Every structure is written in structure tokens, then in C-alpha cells.
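Spelled out, the chains give:
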Amino acid sequence: MSRVSPAACACARPPPDLCVTGSMSTHALSVRTGLSVCMIVRDEARVLPRCIESLGGCRDLVRAFIDHWVIVDTGSTDGTVDILRGYGARVGIDTSCNGDDGAIVDFARARDAALALARCDWVLQIDADEVLQAADGAIDRAIVHALRVAGGGCIGVGLRSGGAEWVSGRLFRRADARGYRSPIHEYLEHDGGFTVARDIVIHNLPDKRGKESSDARNTRILLAALAREPQNARLWHFLGNEHRRARRDAEAADCYARALDIGTFPIGRFHSAYYLGCCRLILGDLDAAIAAAHTAIGIDPRYAEGHCLLADALQMRGDAVAALPAYRAALACGAPPEGAVMAVQRWAYDEHPREQIARLQGILGLQPDAPSADAMSVDAVDGDDTTERP
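Analysis parameters
- Residues numbered from 1 in each chain as written.
- Predicted model: local features only at pLDDT ≥ 70, side-chain atom pairs only at ≥ 80, totals over all residues.
- Heavy atoms only, no water.
- Helix = DSSP H or I, 4+ residues; strand = E, 2+ residues; numbered from the N terminus.
- Buried < 20%, exposed > 50% of the residue type's maximum accessible area, 1.4 Å probe, protein only.
- Contact = heavy atoms within 4.5 Å.
- Areas by Shrake-Rupley, 256 points an atom, 1.4 Å probe, with all protein chains shown as cover.
- Lys, Arg positive; Asp, Glu negative; His and termini not counted.
- Salt bridge = Lys/Arg side-chain N within 4 Å of Asp/Glu carboxyl O.
- Polar contact = N/O pair within 3.5 Å; in protein donor to acceptor, adjacent residues only side chain to side chain.
- Pairing = 2+ DSSP bridges.
- Expected span 1.5 Å × (residues − 1).

Draft legend 1. Just the overall build of the chain, in detail. Secondary structure assignment for the chain yields 15 helices and eleven strands. For the chain, the proportion of its 390 residues judged to be buried stands at 52%. When contacts within the chain are restricted to residue pairs at least 6 apart in sequence, long-range pairs at least 24 apart make up 69% of them. Summing over all exposed atoms, the chain offers an accessible surface of approximately 17200 Å²; the carbon and sulfur share of this is 52%.

See below:
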């Protein structure tokens, strides 16, 4: 794993060191260039070594990869702090993000506490249950590119979790950061541009054994936030996600419909319509699913998921003739939109529509489509299971 080069930072750096973080007393730290890694942790003993390994893996972790390691612990009781200290880190405790019962209520506050202690020019945000995958020089190249085309700002990296993938702004210039917003599913507000580095990937691999489940925690925080901000479409969308993942499809559909009606979450508008259609499909309301699919396609036809939803609903309604061109439209998308920041499903861009087209051609007695040059190229790539489909 390479660290940020002087070329990327525009000047050389003094030796790296660690710091105490949180709302407690800290060393007086002078601002310098380099890379700060910001983490918030709580009861992460099972997964923390895995994350540390991905960042370099040696005892003196900070000297292996990063210049400044910012750790905020929000109340661990499982040995997390001891593990971190075993790697040479000094860890501070900040529980200001928790409620009276000790449960976390505001992730943005915890992230801001860590960000306030970062002292390098660039910041990488990662969680203890995540693993960083980046080739040597990838972070250097991403920073140089961002400085050249956007003057800094925020760099979106790939984030993968549970079969879905999206772009998340985890690498950014500290001077451009204005702070985190939203108590759950928090995001960074920043100045400057937004670039994407697809060769940097963070894998989310949670282990919630012995902890409050993500669904319970997220739903609890979202409901409290919506009581304060009932017209926040973003919060309604993410509450819909929690219901959908828990198979509470009727409740999820209501949340997505509410998000669409409010209309103040433009970046998630396609996904609100798409997931609304998925929930209606599961609930057996095919007409509503088809209507939602048309809405999603009208918002952004570049997402194959919308075309697949339409085709699936049409096929379930018995209209194979109408479903076939919808699957072909999905296949024609080729790849998710460049810079897509919401979750995408890779199966919608190749495997699923390709299989359904072949199936419907058999049912309808049609000749199979001749493989295109692009399809043959993809098939050749897929023969090597170490290479991802473009």
C-alpha cells in the first residue's frame, strides 16, 4: 500500500505520529500536509484487525501507510481500545454523539469530532468493519487527478456491501470539508469539485453479533430525525431502505412514495422510484410496479435496474412481447452511469437481462440474438475470475 507522495501534497512532510482524539485534551498539533485516516469505533474487537490489515497491517500502522491516525471511540466495552493501543495508537473517548441511554443518536457529530482533530491536507474516512482495497499509488493518483481537474474537493471511491455497490465520498481535502450532515447515513458537505477513483474500493463487512442490529439502530435514529424534520425526503428514502431490507415492503413503499412526493432528494430520486416499484412488485401490485418503473426510467434511463423492473413486471403480467424490448434496453445500458453515487446492481446490466432475453426468445419462437462484439469481449473477461466486468 503506498502512501500519499510529496508530489500529491505539494511539499515534503515531517515524520508521522499518532494523536489522542475526541473531546478530551489532546496534544497541540500543528497543521501539515499528508494523509489523515479518520475512524470512529465502538465495540469493534472482532473486525478491527481486519481493517488494520488492509491499511498496512504492521504494529506501527501509521508508519506503514498513513501520516496521522485519528481515532474516536464512542463507548466500547469489548476490548476495542486495547486492540488499538496494541498497534501503538492512543485512543480517546467521546460519547457526545450518544443519547441518555448510551446508544448512538448522531453519527455526524462523531464524524465531526474525528475530522476536527485531523491535521493533514487530505483525509480518508473508513470504519472498523470495512476493508480498504487499493493498488500501490492509487491514492496518489486520485489526489493528483482531483487537484488537477477540480482543485481538490472530494473524491468518491467504490463502496461495496451485500452485493450492491456505489460511490462514496471518503477521500477529501480537509480544507474543503464543511462538516458531516444527517444523524444517520451521514454525508460530507464540501467545497470544490467531486471526482471518482474507481480503483480505490472499500468493502463493508459488518459483524453485528452482540450489538444492536443495523436495522434497529438505523430505524430508531431515522424515526427520531423524521420527528424533527418530517419534510426531509432523504430521511424518508433511507427509512424505506431499512423497511425494504427487513421485508417490510408495504411500509417501505409508503416511505419511498413520501420521498418522491416531497421531492427534495434529487440524487436519490431514481432509486426512490425504483425501490417503490420493487416493493409494489413483491406485494403483487403489478400495475403500480409498472407505473413506478416508468417513473424511474423517466428520471434516469441510464440505470438498467429500471428497465429490468419494467420487464420483470410485464413478464409477470404475461406480456412477454412487451417485456423483451425492456430487457434489451437494460442490456443496452452496458454499465451503470459514470459517477453513480447510489447503489447499483451489476446483475441488471448483463446477467439478468441476457438470461431473460434468451428465455423469452425461446417462448416466443424467435431466433437468438447474435452476440455483439461488446458481449464477446465481456465474455472473454468473465473467463478470468480475477477480473471484474467493466
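So, next bit.
Draft legend 2. Structural view of the side chain of D94. Mapped onto the secondary structure, D94 falls in the loop between β4 (92-93) and α5 (107-117). Buried charge D94 goes without a salt bridge, the closest partner of opposite sign being R109 at 7.2 Å. For D94, the side chain forms a polar contact with the side chain of S96, separated by 2.8 Å.

Draft legend 3. Representation of the pairing of strand β7 (residues 154-161). Judged by how many residues are buried, β7 sits mostly within the fold: six of eight residues are covered. For β7 and strand β8 (residues 164-173), the ladder comprises eight bridges, and the chain directions are antiparallel. Bridging across to β8, I155 finds its partner in L171. Taking the residues that link successive antiparallel strands as the turn, the β7-β8 hairpin has two residues, and the phi of G162 there is positive, at about 55 degrees. In terms of strand pairing, β7 meets strand β11 (residues 194-204) through seven bridges, oriented parallel. Residue R160 lies in a different strand from β11, and its bridge partner there is H203.

Draft legend 4. Just the side chain of Q125, in detail. Structurally, Q125 is set in strand β5 (residues 122-125). Side chain to side chain, Q125 and Y180 meet in a polar contact 3.0 Å long. Excluding anything up to four places from it in sequence, Q125 contacts C38, R111, R170, Y180 and I202.

Draft legend 5. Structural view of helix α13 (residues 320-333). In this model, α13 (14 residues) spans 20 Å end to end at C-alpha, consistent with the 20 Å of a helix rising 1.5 Å per residue. Buried-residue contacts for α13 involve α12 (304-316) and α14 (351-364). Immediately downstream of α13, the backbone of G334 shows phi near 80 degrees, a positive value.

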